[in-house]
Amino acid sequence: MNKLYVIAGHNVAAPGAVAYNGRYEHYYTSELQRLVYKTPIAEETTFALDAEDDTLTKTVQWVNETFEPGDMLVDIHFNHNHPSATGTEVFVHPRTSGENKDIADSMVQKISEGVGIPVRRGVPDRDHK
């Protein structure tokens, strides 16, 4: 893997859903982004982090301009206002390599363990969607 883009879903201008405690989704996605950045994988990975005040358009433009084959993108979101959508999920492109699917399965497990939220499986025999 060349570079890992860790995008905190939403931003200060469009903070996303409101959680049970009144905090916005962006607060939690930014916190998780910082935790991922501090994990042991960070020693082996070149990270690319989005800016807190970037709009979605600006973030997509930045990724499109700098993303290269072999890079991976993690876009963090929480489904605070949808009780049936609880769980950690990792989505991959349907035509991605088996190696990328294995990486996605590993990532969802590590994120799930790290934040204490179970994996939300769409297909019983795999951890990625």
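Residues numbered from 1 in each chain as written. Predicted model: local features only at pLDDT ≥ 70, side-chain atom pairs only at ≥ 80, totals over all residues. Heavy atoms only, no water.

**Comments concerning the overall build of the chain**
Point 1. For the chain, the count of helices and strands is three helices and three strands.
Point 2. Along the chain, from the amino end to the carboxyl end, the secondary structure elements read β-α-β-α-β-α.
Point 3. For the chain, the residues scored as buried account for 32% of the 129 residues in total.
Point 4. Contacts in the chain between residues far apart in sequence, at least 24 positions, make up 64% of those at least 6 positions apart.
Point 5. When the accessible area of the chain is evaluated, it comes to approximately 8300 Å², of which 53% is carbon and sulfur surface. (Helix = DSSP H or I, 4+ residues; strand = E, 2+ residues; numbered from the N terminus. Buried < 20%, exposed > 50% of the residue type's maximum accessible area, 1.4 Å probe, protein only. Contact = heavy atoms within 4.5 Å. Areas by Shrake-Rupley, 256 points an atom, 1.4 Å probe, with all protein chains shown as cover.)

**A few points about helix α1 (residues 25-38)**
Point 1. For α1, which comprises 14 residues, the first-to-last C-alpha distance of 20 Å matches the rise-based estimate of 20 Å (1.5 Å per residue) to within 8%.
Point 2. Among the residues of α1, those classed as buried are E25, H26, T29, S30, L32, Q33 and V36. For α1, the arc enclosing every buried residue in end-on projection is 165°, short of the 170-degree limit, so these residues lie on one face. (Expected span 1.5 Å × (residues − 1). Arc of directions from axis to C-beta.)

**Notes on the packing of aromatic side chains**
Point 1. If you walk through the whole model with that rule in mind, you get one aromatic pair.
Point 2. Their ring planes at 90° and their centres at 5.0 Å tell us that Y27 and Y28 sit as a pair that is edge-to-face.
Point 3. One cation-aromatic arrangement involves R23 over Y27; the distance from NZ or CZ to the ring centre is 4.1 Å. (Phe/Tyr/Trp six-rings, centres within 6.5 Å; stacked < 30°, edge-to-face > 60°. Lys NZ or Arg CZ within 6 Å of the ring centre and 35° of its normal.)

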